[in-house]
Amino acid sequence: MQRNFLKILGALALVFLAGCGSKPGAEPMPYTMEIPTTAAVEEERENAGAASSTAAAEIFKDPIYTGLVKELVVPCEYDLDGDGTVETIHYQVTGSEGKAFDLKAGESEIEGSGDSLTGGIYAMSLDGKTIQILLEDRGLNNADEYSHVYVYREGELEPAGILEGEAASYRVDTEKHLVTAAGTSEVFQSYVLEKDFALEEGAITEVPREFYQMGNEVTLRRRLSLIEIQDGAAYTRTWSAGSRLTVLGTDNRQWVCLQDLETGAEGWLQVPPGEFGQILVDGVSVSAQDYFDGLYYFGGA
């Protein structure tokens, strides 16, 4: 009888202790949990690994994809076409005096030529997804630096054109899918302009600006009438010989804007499209040098 009473008391004590130790939201006791299968455990590990890889990719993003023009050390690996598979890049100058090169990406190889290749190779990304390759060239007589541009599409390397200036000076806007590089003016005088380029159907194509800045000072040799705009209306104003003007810039097609250094007044000069170094005076095409001192031509004043 006493033995049975002790058993009952012990059982009640266990129930009481279990009840006092439990809290709302506590983890279930081990014997009530479902035992996971081996397949479920493996799936959980794979999901955790994928999540970790994604997080790592978000933490580190190569600066090329955010607008950096990066010099490469070959051989190296990059996903050139954005398909998720990396291509190994090889590059070397093969000809004497930098006249030939061999470029390889993945299984595609191109043997090309240049003027004075330096062996420098750069990469940029205009869209933040694909990568364009730049081969540095000093130009004829090592005077006019530019880059050969190559793209990798459908497993093949393809030439995309050239960009003038030093590769390290290019500025990439991945949101607008543009690269800003040096270019030369096509009207009035020789001048290095900033130009914007996009990649259209695999080719580097200029995206025209409304206005390109210049900035050199010139002096009028003879009287000249310019178009002055005030309150939205156009007037003809004449500047006398000896007037000192700043060439503010051009649309690089048919207009040049000048500013009087003394008064600050601005005037527009019309130029004939497609006729470099010419201006229109009373509707007649004449040499700009007949009217201006201080113009730039091929680097000289």
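All of the points below concern the structure found in this document. Within every chain, residues take consecutive numbers counted from 1 along the sequence as written. Totals for whole chains, interfaces and linings use every residue, but because this is a predicted model, local features are given only for residues with pLDDT of at least 70 and side-chain atom pairs only at 80 or more, for both listing and counting. Just so you know, side-chain values use all the structure's heavy atoms and leave hydrogens and water out.

**Overview of the pattern of salt bridges**
Right, on to step 1. Salt bridge, as used here, is a side-chain nitrogen of Lys or Arg placed within 4 Å of a carboxyl oxygen of Asp or Glu. As enumerated under the stated definition, the model contains 11 salt bridges in all.
Right, on to step 2. For Asp-196, the salt bridge goes to Arg-209, with nearest N and O atoms at 2.9 Å. Taken together, the positions of Asp-196 in strand E12 (residues 192-200) and Arg-209 in the loop between strand E13 (203-207) and strand E14 (212-213) put the pair 13 residues apart, joining distant regions of the chain.
Right, on to step 3. With a closest N to O distance of 3.6 Å, Glu-217 and Arg-244 form a salt bridge. You can see Glu-217 sitting in strand E15 (residues 217-220) and its partner Arg-244 sitting in strand E18 (residues 244-250), a full 27 residues away along the chain. Going along the chain from the N terminus, every DSSP run of H or I of four or more residues is numbered as a helix, and every run of E of two or more is numbered as a strand.

**Comments concerning the pairing of E18**
Right, on to step 1. With respect to burial, E18 is a largely interior element, five of its seven residues being buried.
Right, on to step 2. As paired elements, E14 and E18 share two bridges and run antiparallel to each other. Pairing of Tyr-212 across the sheet is with Thr-250, part of E18.
Right, on to step 3. Here a strand pair is declared whenever DSSP counts at least two bridges between the two strands. The pairing of E15 with E18 spans three bridges and is classified as antiparallel. The partner of Thr-219 across the bridge, within E18, is Arg-244.
Right, on to step 4. By the bridge criterion, five bridges tie E18 to strand E19 (residues 255-260) in an arrangement that is antiparallel. Each bridged residue has a counterpart across the sheet, and for Thr-246 the counterpart in E19 is Gln-259.
Right, on to step 5. The turn linking E18 back onto E19 is made up of four residues, and Asn-252 within it adopts a positive phi angle of 65°. Whether a residue is buried, partly exposed or exposed follows from its accessible area with a 1.4 Å probe, protein chains only, as a fraction of its type maximum: under 20%, in between, or over 50%, in that order.

**Observations regarding the nonpolar core**
Side chains of nonpolar character tend, in soluble globular proteins, to be buried together.
Right, on to step 1. Core analysis: the biggest nonpolar cluster contains 25 residues, and Phe-188, Leu-224, Leu-258, Leu-269, Ile-279 and Phe-292 have the highest contact counts within it.
Right, on to step 2. Every element with two or more residues in this core is listed here: E15, strand E16 (224-230), E18, E19 and strand E21 (278-281).
Right, on to step 3. Leaving out residues up to four positions away in the same chain, Phe-188 has contacts with Val-247, Val-256, Leu-269, Val-271, Phe-276, Gly-277, Ile-279, Ala-288, Phe-292, Leu-295 and Tyr-297.
Right, on to step 4. Put simply, a nonpolar core is a bunch of buried Ala, Val, Leu, Ile, Met, Phe, Trp, Tyr and Cys residues held in one set by side-chain atoms that sit within 4.5 Å of each other. One finds Leu-80, Ile-89, Tyr-91 and Tyr-152 within the second-largest nonpolar core, a separate group that totals 21 residues. Any two residues whose heavy atoms approach within 4.5 Å at even a single point are treated as in contact.

**Considering the packing of aromatic side chains**
Right, on to step 1. Planes of paired rings set the category: under 30 degrees apart is stacked, over 60 is edge-to-face and the rest tilted, where pairs are Phe, Tyr or Trp rings (Trp by its six-membered ring) whose centres lie within 6.5 Å. All told, the structure shown has six aromatic pairs when counted by the stated rule.
Right, on to step 2. Their ring planes at 55° and their centres at 6.1 Å tell us that Tyr-91 and Phe-101 sit as a pair that is tilted. Separated by 10 residues along the polypeptide, Tyr-91 in strand E3 (residues 87-93) and Phe-101 in strand E4 (residues 100-105) bring together distant segments of the chain.
Right, on to step 3. Centroid distance Phe-276 to Tyr-297: 6.1 Å. Interplanar angle 90°. Geometry classified as edge-to-face. Residue Phe-276 is found in the loop between strand E20 (266-270) and E21, and its partner Tyr-297 is found in the segment after strand E23 (292-293); the two are separated by 21 residues along the sequence.
Right, on to step 4. Note on Phe-276: relative accessible area 34%, which makes it partly exposed.
Right, on to step 5. Overall, Tyr-297 belongs to the buried group, its relative accessible area being 18%.
Right, on to step 6. Within the aromatic cluster, the residues linked to one another by ring pairs are Tyr-91, Phe-101 and Tyr-150.
Right, on to step 7. Note on geometry: a ring has a charge over it if NZ (lysine) or CZ (arginine) is within 6 Å of the ring centre and within 35 degrees of the ring normal. Between the NZ or CZ atom of Arg-222 and the centre of the ring of Tyr-291, over which it lies, the distance is 4.9 Å.

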